Amino acid sequence: MPGNPQRTNPNKSDNAEQSVPAPFPLDPSLEVNLQVLSHRIGQSSDIVVRRFTNESLSSLELAFIYIDGLVNADVVNQGVLQPLLETVQLKSEFISATDAFQMIKTQILPIGGVKEGNTLEALLPMLFDGYTLILLEGLQVGMAADTSGWEKRSINEPTSQGVIRGPKEGFTESLRTGTSMLRRRLKTPDLRIEEYKIGQRTQTGVALVYLEGIASEQVLKEIRRRLNAINTDSILESNYIEEFIQDGGLTPFPTIQNTERPDAMAGGILEGQVGIIIDGTPFALLAPSTFFNFFQSSEDYYQRYDISSFLRLIRYSAFFVSMLLPALYIAVTTFHQEMLPTTLLISLAAQREGVPLPALAEALLMELTFDVLREAGVRMPRTIGPAISIVGALVLGQAAVQAGLVSAAMVIVVSFTAISNFVIPSLAIANSIRLIRFVMMFIAATLGLFGIMSFLMVLLIHMAGLRSFGVPYLSPVAPMVPRYLKDIFIRVPLWDMTMRPKTILGEETRRQGEHQQPKPQGEDPV
Amino acid sequence: MNRKVGTTQAAMLIVNTILPTATVVLPAIISNYAEQDAPLAILLSAFFGLLIAYIVGSAVRCTNGAPFLTWVGEKSSPAIAAVLGLFMLQFYLDTSTTILREFVNFLKDNVLINTPISILCVLILLITIYMVRQGLEAIARVNSLVILLYLLFVPLYIFGLTDEMNVHQLLPMFDHSLAELTLASITPTTWMSEVAVLLFLAPYLQSPQKARIIGWTGLIFVAMLMMFSLIIALMVFGPDLIRLSAYPGFSAASIVHLGRFIEKLDILFISYWVLSIYVKFSIFLFATVECFKQTFRVGSSRPFIGTLGLLIVLECLYTWQSTEKLNLYNKEGRFLVFFLFNVLVPLGAVGLDRFTKAKTKRKGWGA
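What counts as what
Each chain has its residues counted from 1, running along the sequence as written. Here chains are named by letter from A upward and ligands by number from 1 upward, in the order in which they appear as written. Residues qualify for local features only when their pLDDT is at least 70, as the model is predicted, and side-chain atom pairs are given and counted only at 80 or more; totals for whole chains, interfaces and linings, by contrast, use all residues. Excluded from the side-chain calculation are hydrogens and water; included are all heavy atoms of the structure. Domain delimitation in this document rests on an assignment produced automatically or drawn from a domain database. Contact definition: two residues touch when any of their heavy atoms are within 4.5 Å. A quick way to say it: buried area is the sum, across both parts, of accessible area lost when two parts are put together, with a 1.4 Å probe. Basic side-chain nitrogens of Lys or Arg form a salt bridge, by our definition, when they fall within 4 Å of a carboxyl oxygen of Asp or Glu. Whenever two N or O atoms come within 3.5 Å, that pair is a polar contact, provided that in protein one can donate a hydrogen and the other can accept it, and provided that, for residues adjacent in sequence, both atoms are side-chain atoms. For helices the rule is a DSSP run of H or I covering at least 4 residues; for strands it is a run of E covering at least 2, with both sets numbered from the N terminus onward. Every helix has an expected span of 1.5 Å times one less than the residues it contains. Relative accessibility decides the category of a residue: with a 1.4 Å probe and only protein chains considered, values under 20% of the type maximum give buried, values over 50% give exposed, and everything between is partly exposed. Think of it this way: the bend at a residue is just the angle between two axes, each fitted to seven residues, one set ending at that residue and the other starting at it. Note: pLDDT gives the predictor's confidence per residue, expressed from 0 to 100.

Caption draft 1: Broad picture of the domain arrangement of chain A. Residues and elements named next belong to chain A. Looking at chain A, the domain boundaries give domain 1 (30-146), domain 2 (175-289) and domain 3 (313-471). Between domain 2 and domain 3, the C-alpha centre-to-centre distance is 34 Å. Taken residue by residue, the interface counts 17 residues in domain 2 and 12 residues in domain 3. Regarding the contact of domain 2 and domain 3, the summed buried area is about 1200 Å², with carbon and sulfur atoms giving 78% of it. Taken together, the connections running from domain 2 to domain 3 amount to zero salt bridges. For the interface between domain 2 and domain 3, the tally reads five residue pairs in polar contact (both at pLDDT 80 or more). Here the element with the most residues in the side of domain 2 that touches domain 3 is helix α6 (residues 217-229); it accounts for four residues.

Caption draft 2: Region of the structure containing helix α13 (residues 302-318) of chain B. Residues and elements named next belong to chain B. With 17 residues, α13 should reach 24 Å at 1.5 Å per residue; the first-to-last C-alpha distance of 25 Å fits that figure. Inspection of α13 places Ile305, Leu308, Gly309, Ile312, Val313, Glu315, Cys316 and Leu317 among the buried residues, and these make up the whole buried set. The inward-facing, buried residues of α13 contact α4 (78-110), α5 (117-134) and α12 (266-296).

Caption draft 3: How the structure looks around helix α10 (residues 211-244) of chain B. The end-to-end C-alpha separation of α10 of chain B is 39 Å, well short of the 50 Å expected for 34 residues at 1.5 Å each. At Gly238 of chain B, α10 of chain B is bent by approximately 100 degrees, the largest bend along its length, and proline Pro239 of chain B sits one to four residues beyond.

Caption draft 4: Local environment of the side chain of Ser454 of chain A. In this fold, Ser454 of chain A is placed in helix α14 (residues 427-465). Note on Ser454 of chain A: relative accessible area 2%, which makes it buried. Not counting residues up to four positions away in its chain, the partners in contact with Ser454 of chain A are Ile127 and Tyr278 of chain B.

Caption draft 5: Up close: the confidence of the model for chain A. All names here are of chain A. Per-residue confidence for chain A averages 85 on the pLDDT scale, and 90% of its residues sit at or above 70. No element of chain A has a lower mean pLDDT than strand β1 (residues 6-8), which averages 54, and none a higher one than strand β10 (residues 274-278), which averages 96. In the model, residues 1-5 has pLDDT below 50 throughout and makes 16 contacts with residues more than four positions away in sequence or in other chains. For the stretch residues 10-17, pLDDT sits under 50, and the model shows 10 contacts to residues farther than four places along the chain or on other chains.

Caption draft 6: Local environment of the environment of Ala363 of chain A. Residue and element names in this part refer to chain A. Among the secondary structure elements, Ala363 is positioned in helix α11 (residues 359-379). According to the relative accessible area criterion, Ala363 is buried, its value standing at 0%. Sequence-wise, Ala363 and Gly213 are 150 residues apart; in three dimensions their C-alpha atoms are separated by 51 Å. Setting aside residues no more than four positions away along its own chain, Ala363 makes contact with Ile330, Met410 and Met441.

As structure tokens, this is what we get:
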């Protein structure tokens, strides 16, 4: 990853358990260097060490080290080996090792990214990033040429955040592909990309992406502080970072968004959020995130504002249905039958007549069955997974009703709850609701509607106290800032969203010009 | 966790400091004296309430947002502040207890008839302690969301009762003497005087100088909502039936219906009321804890919240076992106690401020 300032975690050497070896300054003897290197990285079959001795000048002895599979073989052959073998000056008996090193670095290698390092610890991370190390006899400094090139997944449509209208490309596992996708969308000199290496053993690349002047300095400072404080041996996916840096460690609510859509990330960055792209996963993070961010979808901005607003309201309704419907059903059928109209009450009573289980057990049985089917659908082979889960749900539901284990109304309640859960665009908050739903069900069975309201109060106060990197989780609703409600429950036309919300930013900034509502030319304003 | 609360949020806090128990307890008491003239009694009590808010606001302006008892200690002597603190702590403990008891009594009468009171008390207290631990800012935010729900419930209440309302039930107006109206307005005035909680919320206000505005705005909203609730209940039931009902507002809600498919919505309104009374109880528990903190000059009140909560639960379970006794206290005893702590104490604080300022001025002249 040439050309980028890379920050390494200052805490990583603190952990004695990781037994980080002392830095080894390169020795003038190439033989010694290769021995230490071999000792440090072992005799792995993918590590290629090639020594190259100039017959006519015994003093100039070189060695190349690279990892097969991490390098582009063509670049190694044509960009490193061939120029070195064909350069006549290197065979001169008058050339010293120091001059040869400078010549190779500045004149011979036709590669953009060439770095130096004088300890093995400085060179090894580059080796693992796909660089080819070049060590010379008699020198205490080594060179690393960027020859990286490994097999990557091509850019595909996001699997978990699809849209009908809008860009169809998603992030891949490559960090550089991710940053390039953002660069293509945000062609502004204000775009900043800071890179970190986190995880002592994985040395995972983590890029902090933001717009200078738009992202809050306070938020950035806090994110940097938390990233630097991570002391772990591995970062294999963005959730590792998320759990280490998110506010409210024990909260069931996510305070950081994840997305595999570069357009969603670009949109967030333009609103003042900070993007975090992690090497090795297509899921990038966006922070700070408020509760209402999780109900916004990229598609809201790619279709008319009226239909987007309608869909937003549907999503919020689905949120409450998904969280409360089984609990309300239990509470009403167990404690508050008087709430139901008589005809509905008679119908429900008739359905439940032969059911031996109390409403809670009935609901739990169905909910757990659905969760088992859902989990099985994910694990099963792709071709049969969805079919099995649908058939399983239908067969089990139908069979359970016919066997008299559950009532038909309960099957409807559980199905509608499950479908509502999928309406929520963010999987993170949808999963939180799945857990909360079970707690709600137990409380509803014990204390009825009073219990539900009490638990809602607990959730509300918990959310009211939550912050995402200093931003109140329920903003801009609580605390209420009416002029920032233009993109919360509904979405107003784009020409009416002139300012960026201050809730995420340090300061309110202008997004676009005013009075852009399209009108026929020369129309009388009156 | 305790950050500053804005002026609007604070005004909304005042609304839910007074309203949740007022809507439950007051209609029956006011109607007893004033019958169809009950709205006039509310107007009268609102007038007295605004006066009290003026006094409390002035006291907060004197303290300029400093902790009240600390300020009293500085202006008079630490011993006086400690004694006053002990009395006020007793007052806030009692007030919190009566709120909890009214909450529990209501649930016991209407929702959870078979659930033991002790379990309800402990559960409510635990939730409220959690709320207090989250801080006043979080409570204020939740409160603003709860108040937003009025936008849903008020229209539902009005439209659901349109067919049942009879304007003639409000007639004849001005049928009661001023003495009767004053008598009817005494109890609601004690509720309005709860605006004095601002004395202990002041350190957490963004603009303590606007305490009067906060109090007035809150009280005007309370008066409007009380009038609204009482007038509708009067138009639905008439003055005679209201007197017989323990909770006329919720009795009216029980006959709310939209067509023939949505009916008997009292449980919905009760659920909403549960949210608002949680806010009320948390505000008073917060004030109690704050009073304790200032009286005993402890840095953090966190370890003591549980102990104060235990005292409240014990008092709730063993002092106010009898609902009649509580009703009698609300009707007759409450006025004196509230007048003492919610009116005389802030008035005394204003007087103390004037006195010390005058003294300083005299010294200044002398010099």
